[in-house]
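Each chain, written out:
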Amino acid sequence: MAANSLNSPNPIKGFTLIELVVGMVVLSIALVMLSSMLFPQADRAADTLHRVRSAELAHSILNEIWGKRYDQNTNANGGVPACGAAARTDLGLPAGLDCTETANLGPDTGEVRNTFNDVDDYHGLSETSNMLNSSDTYLSQYINYQLSVAVTYPNANKNSKLVTVDVTTPRGEVITYNAIRSNY
């Protein structure tokens, strides 16, 4: 007589078809929820990395600019009188030389990247420009990033210069960094 597995003292254990289907549905819902939460996090992590590299690039340029004199016609040690300054007869100070005209902002004749000596020399700097004291370009170190530096006078009396550094990340996000340099 053949032993019946349902009536035997040790029945065969297993899953029914319904239990397997329910388990697969629960598992698939869990995987969809998990993947919908993780995949966007990876994109956000990449965006954060691009923004950090953008800030590194802009701050390195701004720090370099900050170490330069205000204008070509300003004394390298801080001009007395500063360019564009009125004469101070009460102190015996002559008038300062005229500050660089708006149309002439940018590197002066004969200046190359390593000889920039004042703030407005950086006007027009881009990702294809050489890095300071290097034959490497910004593009070779910051692949797929774009860089644009503009120096302008924000007001008519030329007592300050606005330095604008635009960095475009590989995803096309343009991040703008501004700084004001005063004439002192």
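Basis of the calculations
Residues numbered from 1 in each chain as written. Predicted model: local features only at pLDDT ≥ 70, side-chain atom pairs only at ≥ 80, totals over all residues. Heavy atoms only, no water. Helix = DSSP H or I, 4+ residues; strand = E, 2+ residues; numbered from the N terminus. Buried < 20%, exposed > 50% of the residue type's maximum accessible area, 1.4 Å probe, protein only. Contact = heavy atoms within 4.5 Å. Pairing = 2+ DSSP bridges. Axes fitted to C-alpha atoms, helices over the stretch in contact; angles between N-to-C directions. Salt bridge = Lys/Arg side-chain N within 4 Å of Asp/Glu carboxyl O. Core = buried A, V, L, I, M, F, W, Y, C linked by side-chain atoms within 4.5 Å. pLDDT = per-residue confidence, 0-100. Patch = residues over 30% accessible without salt bridge, like charges linked within 9 Å, V, L, I, M, F, W, Y side chains within 5 Å. Areas by Shrake-Rupley, 256 points an atom, 1.4 Å probe, with all protein chains shown as cover. Phe/Tyr/Trp six-rings, centres within 6.5 Å; stacked < 30°, edge-to-face > 60°. Lys NZ or Arg CZ within 6 Å of the ring centre and 35° of its normal.

(A) Quick peek at the overall build of the chain. Helix and strand counts for the chain stand at 2 helices and 3 strands. Ordered by position in the sequence, the α and β elements of the chain form the string α-α-β-β-β. Within the chain, the fraction of its 184 residues that count as buried is 29%. Across the chain, contacts joining residues at least 24 apart in sequence account for 49% of those joining residues at least 6 apart.

(B) Focus on the environment of D136. Along the chain, D136 falls in the loop between α1 (17-66) and α2 (138-141). Among residues more than four places away in sequence, those in contact with D136 are S129, N130, M131 and Q141.

(C) Quick look at the sheet that holds strand β3 (residues 174-182). Read from one edge to the other, the open sheet built from 3 strands follows the order β1-β2-β3, with strand pairing classed as antiparallel. Each edge of the open sheet is held by one strand with a lone partner, namely β1 (146-152) and β3. For this sheet the average axis-to-axis angle between neighbouring strands, irrespective of direction, equals 15 degrees. Direction of pairing for β1 relative to strand β2 (residues 160-168): antiparallel, over a ladder of 7 bridges. Note on β2: the bridge partner recorded for V149 is V165.

(D) Region of the structure containing the pattern of salt bridges. Applying the stated criterion across every chain yields a total of 6 salt bridges. The residue D71 makes a salt bridge to K161 at a minimum N-O spacing of 3.0 Å. One end of the pair, D71, is in the loop between α1 and α2; the other, K161, is in strand β2, with 90 residues separating them in the sequence. Among the ionic contacts, a cluster of salt bridges with common partners joins D71, D120 and K161.

(E) View of the nonpolar core. With 21 residues, the main nonpolar core has I61, L147, V149, V163, V165 and V167 as its most contacted residues. The residues contacting I61, other than those within four sequence positions of it, are L125, Y138, L147 and V149.

(F) View of the confidence of the model for the chain. For the chain, per-residue confidence averages 83 on the pLDDT scale, and residues scoring 70 or more make up 82% of the total. Per-element mean pLDDT across the chain ranges from 87 in α1 up to 95 in β1.

(G) Region of the structure containing a nonpolar patch on the surface. Taken together, L17, V21, M24, V25, I29 and M33 make up a surface patch of nonpolar side chains, about 600 Å² in accessible area. Among the secondary structure elements, V21 is positioned in helix α1. Of the residues examined, V21 reaches a relative accessible area of 40% and is grouped as partly exposed.

(H) Main features of the packing of aromatic side chains. Throughout the structure, instances matching the rule amount to 2 aromatic pairs. When the centroid spacing of 5.0 Å and the interplanar angle of 80 degrees are considered together, the rings of F116 and Y122 count as edge-to-face. This pair shows no difference in class: F116 is buried, exactly as Y122 is. Ring geometry for Y142 and Y145: centres 6.1 Å apart, planes at 80 degrees, overall edge-to-face. Owing to a relative accessible area of 5%, Y145 belongs among the buried residues under this scheme. We note K161 situated over the ring of Y70; from NZ or CZ to the ring centre the distance is 4.6 Å.

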